Amino acid sequence: MADAVIIRRGRADDAAAIARVHVESWRSTYAGMLPEDMLLKLSSADHEARWWRHVLGRFRRRHYVYVAEHQTEGVVGFISGGPARASGLDPEAEIYALYLLDEYHGRGIGRALFIKLVTRLNRECGSSLLVWVLSENPSRFFYETMGGRRIGRRTERMGGAEIQETAYGWANMAELLAVGRSSGRP
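Cut-offs used in this document
Residues numbered from 1 in each chain as written. Predicted model: local features only at pLDDT ≥ 70, side-chain atom pairs only at ≥ 80, totals over all residues. Heavy atoms only, no water. Buried < 20%, exposed > 50% of the residue type's maximum accessible area, 1.4 Å probe, protein only. Helix = DSSP H or I, 4+ residues; strand = E, 2+ residues; numbered from the N terminus. Pairing = 2+ DSSP bridges. Core = buried A, V, L, I, M, F, W, Y, C linked by side-chain atoms within 4.5 Å. Contact = heavy atoms within 4.5 Å. Phe/Tyr/Trp six-rings, centres within 6.5 Å; stacked < 30°, edge-to-face > 60°. Lys NZ or Arg CZ within 6 Å of the ring centre and 35° of its normal. Expected span 1.5 Å × (residues − 1). Axes fitted to C-alpha atoms, helices over the stretch in contact; angles between N-to-C directions. Polar contact = N/O pair within 3.5 Å; in protein donor to acceptor, adjacent residues only side chain to side chain.

A. Spatial organisation of the pairing of strand β4 (residues 93–100). Within β4, seven of the eight residues are buried, which leaves it mostly tucked inside the rest of the structure. Sheet topology note: the strand β3 (residues 74–83)/β4 ladder contains seven bridges and is antiparallel. Bridge pairing in β4 places G82 opposite E94. Pairing between β4 and strand β5 (residues 129–134): three bridges, direction parallel.

Written out as structure tokens, the structure is:
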């Protein structure tokens with residue numbers, strides 16, 4: 001079924017669909033990791049959709065968003081990134097978010113989104129990359145299989161709770177892309 005999915009640049013009219021994926025993914029992925037009331041308060045129709053319209057409009061030039069679009073189901077995943085935000089670490093580029101609806105995990109879609117964005121970031125931002133992941137998130141193993149190395153830890157406050165995050169980094173995105181493209185699925 002992954003062949004029924006295309007990866008393309010996000011557009012302003014994708015904002016509501018991206019927000020839906022964002023909220024559904026947070027609720028399923030972070031249940032038990034983040035405060036329940038925080039997850040229940042998330043609203044794809046309100047705040048999240050407005051945020052993504054903003055990102056896909058005004059900030060589009062330096063905030064890159066790609067979506068995975070299923071031919072009948074619409075947007076089923078997305079990735080976003082751009083220049084590294086202040087983190088005290090050296091990388092020049094950062095993946096800000098990567099989310100898929102649960103039923104699309106394990107099909108190579110996240111990997112295809114990752115490679116698409118990394119290709120753009122390597123061209124636009126520099127050679128090194130990082131991503132912050134909740135330390136308890138089982139999806140962190142995806143970044144390890146993509147060659148990411150643990151390069152930092154921090155504590156963030158989310159929904160009134162202290163949450164541990166781990167940074168994964170790549171010193172050379174060109175090497176990451178060479179390995180990623182030669183290892184089979186796109």
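B. A look at the nonpolar core. Counting 55 residues, the largest nonpolar core has L34, I95, F114, L121, L129 and W170 as the members making the most contacts within it. L121 has contacts with Y64, G81, G82, A93, E94, I95, G126, L129 and M173, leaving out every residue within four places of it along the chain.

C. Geometry of the packing of aromatic side chains. The tally for this structure, following the rule as stated, stands at 11 aromatic pairs. Summarising the aromatic geometry, the rings of Y30 and Y99 are spaced 6.3 Å apart at their centres and angled 90° between planes, so their arrangement reads as edge-to-face. With Y30 in the loop between α1 (15–29) and α2 (36–41) and Y99 in strand β4, the pair connects residues that are 69 residues apart, well separated along the chain. For Y30, a relative accessible area of 6% translates into the label buried. Among the residues examined, Y99 registers a relative accessible area of 11% and is labelled buried. With a centroid separation of 5.2 Å and 80° between ring planes, the pair formed by F142 and Y143 is classed as edge-to-face. Since its relative accessible area comes to 6%, Y143 is described here as buried. The ring of W132 has R154 sitting right over it, with the charged end atom 3.9 Å from the ring centre.

D. Structural detail: α1. Here α1 is 15 residues long and its end C-alpha atoms lie 21 Å apart, about the 21 Å a rise of 1.5 Å per residue gives. Burial in α1 covers these residues: A15, I18, A19, V21, H22, V23, S25, W26 and T29.

E. Structural context of the pairing of strand β7 (residues 161–170). Burial runs high along β7: seven of the 10 residues are buried. Note: β5 against β7, six bridges, orientation antiparallel. What sits directly across from L129, in β7, is W170. In this sheet, β7 lies alongside strand β6 (residues 149–158) in antiparallel orientation, the contact comprising nine bridges. Residue pairing across strands places T155 opposite Q164, the latter belonging to β7. Linking β6 back to β7 in an antiparallel pair, the connection comprises two residues, with G159 at a positive phi of about 60°.

F. Highlighting the sheet that holds β7. Taken together, the seven strands give an open sheet; going across it, the order is β1-β2-β3-β4-β5-β7-β6, and neighbouring strands pair in mixed fashion. Since the sheet does not close on itself, it has two edges, and those belong to β1 (5–9) and β6, each with one partner. Across the sheet, the axes of successive neighbouring strands diverge by a mean angle of 25°, strand direction being ignored.

G. Structural context of the environment of R61. Mapping R61 onto the fold places it in the loop between α3 (44–56) and β2 (64–70). For R61, a relative accessible area of 73% gives the class exposed. Sequence-wise, R61 and G82 are 21 residues apart; in three dimensions their C-alpha atoms are separated by 9.2 Å.

H. Inspection of the side chain of E94 at higher detail. Note that E94 resides in strand β4. Using a relative accessible area of 2% as the deciding quantity, one classes E94 as buried. Side chain to side chain, E94 and R85 meet in a polar contact 2.7 Å long. Contact partners of E94, with chain neighbours within four places excluded, come to S80, G81, G82, P83, A84, R85, L121, L129, L130 and W132.

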